[in-house]
Amino acid sequence: MLDYLVIAAHPDDAELGMGGTIALLLSQGCTVGILDLTDGEPTPQGSPEIRRLETEASTAVLGITWRGNLGLPNRSLQADLASRAKLAGLIRELRPRVLFAPYWEDSHPDHVAASALVDAARFWSKLTKTDLPGTAHTPERILYYFSVHLRIHPKPSFIIDISDHVGTKLRALGCYASQFIAGRPTTPPTFLDSLRDRARYWGWAVGAAYGEPFASREELGLRSLRDLL
Ligand SMILES: [Zn+2]
C-alpha cells in the first residue's frame, strides 16, 4: 500500500522530474514508490549493470519506500494491451492513492508511450470480472511531472516548493554518472548545473528558491488557502 507511485519510462526520469517532491513527501511521512518501466539501456555511457547500481544508489539517497522495474523494452516501449495488463496488475497490488506519470508531450517516444500507458492502466486497475491480479483499485488522480527532452514550456497546474530538498534531488541525480556526467561538458554550466537552474527557475516563478512543476488534466481543489505560497 503506497500513498504515491511515480511511474517512469527510464531509471532517472522520476528523479529528474520530481526528485525534490519525492524527498518532500517522504519527509512528511508519506509512502512513495517508483516504478521504472524499462532498464533504460542501451545508452552511450551505460550498461544494464551500471544502470542498476546507479539506480540503487539514487534510491538509497532518496530513501524511498519501494522501487521496482516492470521489465518492458527500452526504446520500443508501447502502450499496448500486454503492457497495460502488467502495469494495471501492479497498481492493484501496490494500491497507490495518487499516480505520477511523465508529461504527455515529448520528443522521446518512450516518455509519450509511458504517459499513455499510465492513463490506460489506471482505468484498467478498477475493473472487476477480470483476470488481472489483486482486487479492483482506482488511484484518485494522475499528476504529470516534467521530465521532457523537448525544449517546451508547458504551463504547469501547480509548482511544489522543493527549496528544502533540492540538495537531495541533486545528490540523487549525481548517482546517474553514466547519464549526467560521463561524456558531458565539464565547464559550467554542467548538465547538473542546468538541472539545478531549471529548478531555480520554477521556484522563482512562485517566489521560492527551488521548485518542480506538475500538470493535471483535471481541475484541482484545495481544502484551505494555508499552504499557498
Ligand atoms: Zn527517460
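Note: the structure precedes this text.
What you are looking at is a predicted structure, and each value in this text was computed from that prediction instead of being measured.

Conventions and cut-offs
- Residues numbered from 1 in each chain as written.
- Predicted model: local features only at pLDDT ≥ 70, side-chain atom pairs only at ≥ 80, totals over all residues.
- Heavy atoms only, no water.
- Axes fitted to C-alpha atoms, helices over the stretch in contact; angles between N-to-C directions.
- Helix = DSSP H or I, 4+ residues; strand = E, 2+ residues; numbered from the N terminus.
- Parallel < 35°, antiparallel > 145°, perpendicular 65-115°, else oblique.
- Left-handed = near helix turned anticlockwise from the far one by under 90°.
- Contact = heavy atoms within 4.5 Å.
- Nonpolar A, V, L, I, M, F, W, Y, C, P; charged D, E, K, R; others polar.
- Salt bridge = Lys/Arg side-chain N within 4 Å of Asp/Glu carboxyl O.
- Buried < 20%, exposed > 50% of the residue type's maximum accessible area, 1.4 Å probe, protein only.
- Donors = N, O, S within 2.8 Å, 3.2 Å for Na, K, Ca; no water.
- Tetrahedral: all angles 85-135°; square planar, octahedral: opposite > 155°, others 65-115°.
- Pairing = 2+ DSSP bridges.

Enquirer: Explain the packing of helix H3 (residues 81-94) against helix H4 (residues 109-124) here, please?
Expert: The axes of two packed helices give the description: the angle between them and the distance between them. For the pair H3 and H4, the least separation of the axes is 8 Å and the interaxial angle reads 60°. On the basis of their axis angle, the class for H3 and H4 is oblique. H3 and H4 meet at a crossing whose hand is right-handed. On H4, the residues that touch Leu81, Ser83, Arg84, Ala85, Leu87, Ala88, Ile91 and Arg92 of H3 are Leu117, Val118, Ala120, Ala121, Arg122 and Trp124. Of the residues contributing to the contact of H3 with H4, the split by class is ten nonpolar, one polar and three charged.

Enquirer: Just to check I follow, could you spell out the pattern of salt bridges for this structure?
Expert: Any two side chains of opposite charge can pair if their charged atoms end up close together. In the structure shown here, the tally under the stated rule is eleven salt bridges. With its nearest N and O atoms 3.0 Å apart, the salt bridge here joins Asp119 to Arg217. A residue pair is termed long-range when its members are at least 10 positions apart, and Asp119 in helix H4 and Arg217 in the segment after strand E7 (211-215) qualify at 98 residues. Of the residues examined, Arg217 reaches a relative accessible area of 48% and is grouped as partly exposed.

Enquirer: Explain the coordination of the zinc ion here, please?
Expert: Each donor-metal-donor angle would ideally measure 109.5 degrees in four-coordinate tetrahedral geometry, or 90 or 180 degrees in six-coordinate octahedral geometry. Protein ligation of the zinc ion involves His10 (ND1), Asp13 (OD), Asp13 (OD) and His111 (NE2), the donor distances falling in the range 2.1 to 2.4 Å. Given four donor atoms and angles of 56 to 127° at the metal, the environment of the zinc ion is assigned as irregular. Of note, the donors binding the zinc ion are all from one chain and are spaced H-x2-D-x97-H. According to the relative accessible area criterion, His10 is buried, its value standing at 7%. Accessibility expressed as a relative area gives 4% for Asp13, which makes it buried.

Enquirer: Can you help me understand unusual backbone geometry in this one?
Expert: Residues other than glycine predominantly adopt negative phi, and peptide bonds predominantly adopt the trans conformation. The omega torsion across Glu41 and Pro42 is 10°, close enough to zero to call that bond cis. Residue placement: Pro42 occurs in the loop between strand E2 (32-36) and helix H2 (48-62). Of note, the amide linkage connecting Pro188 to Pro189 takes the cis form, showing an omega dihedral of 0°. With respect to the helices and strands, the residue Pro189 is situated in the loop between helix H6 (177-180) and helix H7 (191-205). Its identity is not glycine, yet Arg95 carries a phi of approximately 55°, on the positive side. Note that Arg95 resides in the loop between H3 and strand E4 (98-102). Not every positive phi belongs to a glycine, and Lys129 is a case in point at roughly 50°. A relative accessible area of 88% means that Lys129 is categorised as exposed.

Enquirer: How do you make sense of the sheet that holds E4 when you look at a structure like this?
Expert: Two modes of strand pairing occur in sheets, parallel and antiparallel, and in both the strands are linked by backbone hydrogen bonds. The sheet built from seven strands is open, its strands ordered E3-E2-E1-E4-E5-E7-E6 with mixed pairing. Of all strands in the sheet, those bounded by a partner on one side alone are strand E3 (66-69) and strand E6 (158-161). Put simply, the sheet's adjacent strands are angled 25° from each other on average, direction ignored. Note: E2 against E3, four bridges, orientation parallel. Its bridge partner lying in E3, Ile34 is registered against Arg67. Sheet strands in contact with helix H1 (residues 13-27) are strand E1 (4-8), E2, E3, E4, strand E5 (141-145), E6 and E7, and its direction is about 105° off that of E7.

Bear in mind that shape data such as this cannot, by itself, settle questions of function.
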